[in-house]
Amino acid sequence: DVCFSGVCGGEFSILRTPQSVVFREGSWPIPGERIPDVAALTMGFSVEEDLPWPGLGVGDLFHRPQATVLVTVKGVDKLPVKGFSYPIDNAVPFSLDGVANAIHTLFSEEMPVVLQLAPSEERVYMVGKANAVFEDLSVTLRQLRSRLFQDNSILSSLPLNSLSRNNEVDLLFLSELQVLRDITSLLSRHKHLARDHSPDLYSLELSGLDEIGKRYGEDSQQFKDASQILVDSLQKFADEMFNLYGGNAVVEVVAVKEFNSPLSRKTRSILQASQSTKENPYNLAYPYNYDYSVIFNIVLWMMIGLALAVIVISYNLWNMDPGYDSIIYRMTNQKIRMD
């Protein structure tokens, strides 16, 4: 039940799919800005705009995955991963903030795991009671470096090949792989987080391979070895997440050579009203809200029901037999006779 998907610099690859999530084999392009919507729909959340992408099927609406893991890999066009592959149309930066907000809104009283981490940029976002488990996770460059030289690090088991433990660029790449292993290690020690009823979200951004490509060149042996090590690590990471969540998790990988534009977040401004006037000089109607069809059907059928009720009541009143009017009529009539 785990879906491990990868978007690889123009390619979106699915390694594993849960029975409740259906991906169709084909070469349909997926817009880069709609990747968060794919994650939301697979988890059973609604999106503001319909996603007319044939690659994602309906699936089982009553059994949704318990976790979504999205790993973004920079610096490579595609990764030789197993599974379905879809090209990306317009690889732009994206964020899973909308999915995280939906989880917090719907499951605020429970213990969902929401972890967003970019090790090379020392950017981390952890919210919720369950994230106390990940407080020991290495997030800064200094913590990552010291973590690598501990006894139980990946340096003791991972074949480095042409990579060196004395080079900072190589250590950055390896430290990101260490984060993947540490996440599965922490989850294995706290399995109750993967067995509760609240969905979990993991968003990881890895740029170590991109730095190796810039340092040694994409034709270098170091880059080739690092790419193979990364593929093997991601595959192992997918398998471990699959087992930890009992076959009920979605794991996605986004690999992009380079984003087309920098990530910009929408912010509110006190000049928003005046700006909207300039942006819409022709006084065009705004796009209808995605709840419009729901509201329209409620109002329509309520009006039809009320109209039918009025017609039926009016017909029965018009054709009522005065002899069978009511007990009030008969009692009043007898009282008049007695008087």
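In case you missed it, the structure is sitting above this.
Residues numbered from 1 in each chain as written. Predicted model: local features only at pLDDT ≥ 70, side-chain atom pairs only at ≥ 80, totals over all residues. Heavy atoms only, no water.

Let's talk about the packing of helix H4 (residues 168-189) against helix H6 (residues 208-216)
So, step 1. In contact at an axis separation of 8 Å, H4 and H6 are set at 160° when each is read in the N-to-C sense. With respect to H6, the axis of H4 lies roughly antiparallel. Once H4 is placed against H6, the crossing between them reads as left-handed. Along the contact surface, H4 presents Val-169, Asp-170, Leu-172, Phe-173 and Glu-176, while H6 presents Gly-208, Leu-209, Glu-211, Ile-212, Arg-215 and Tyr-216.
So, step 2. Among the residues forming the contact of H4 with H6, the class breakdown is six nonpolar, one polar and four charged. (Axes fitted to C-alpha atoms, helices over the stretch in contact; angles between N-to-C directions. Helix = DSSP H or I, 4+ residues; strand = E, 2+ residues; numbered from the N terminus. Parallel < 35°, antiparallel > 145°, perpendicular 65-115°, else oblique. Left-handed = near helix turned anticlockwise from the far one by under 90°. Contact = heavy atoms within 4.5 Å. Nonpolar A, V, L, I, M, F, W, Y, C, P; charged D, E, K, R; others polar.)

Observations concerning the pattern of salt bridges
So, step 1. A complete count under the given rule lists 10 salt bridges for this structure.
So, step 2. Of the charged contacts, one joins Glu-205 and Arg-123 as a salt bridge, the two residues approaching to 3.4 Å between their closest N and O atoms. Here the residue Glu-205 occupies a position in strand E8 (residues 200-206), and Arg-123 occupies one in strand E7 (residues 123-127), the gap between them amounting to 82 residues.
So, step 3. By relative accessible area, which is 17% here, Glu-205 ends up buried.
So, step 4. Looking at Arg-123, the relative accessible area reads 40%, which means it is partly exposed. (Salt bridge = Lys/Arg side-chain N within 4 Å of Asp/Glu carboxyl O. Buried < 20%, exposed > 50% of the residue type's maximum accessible area, 1.4 Å probe, protein only.)

As for the nonpolar core
So, step 1. Membership of the largest hydrophobic core comes to 54 residues, with the highest contact counts inside it found for Val-73, Phe-173 and Tyr-202.
So, step 2. Sort the elements by how many residues they give to this core and H4 lands first, with 10 residues.
So, step 3. Beyond its immediate chain neighbours, meaning those up to four positions away, Val-73 contacts Leu-79, Leu-206, Leu-209, Leu-230, Leu-234, Val-253, Val-254, Ala-255 and Val-256.
So, step 4. Membership of the second largest hydrophobic core comes to 30 residues, among which are Ile-35, Ile-88, Ile-103 and Val-114. (Core = buried A, V, L, I, M, F, W, Y, C linked by side-chain atoms within 4.5 Å.)

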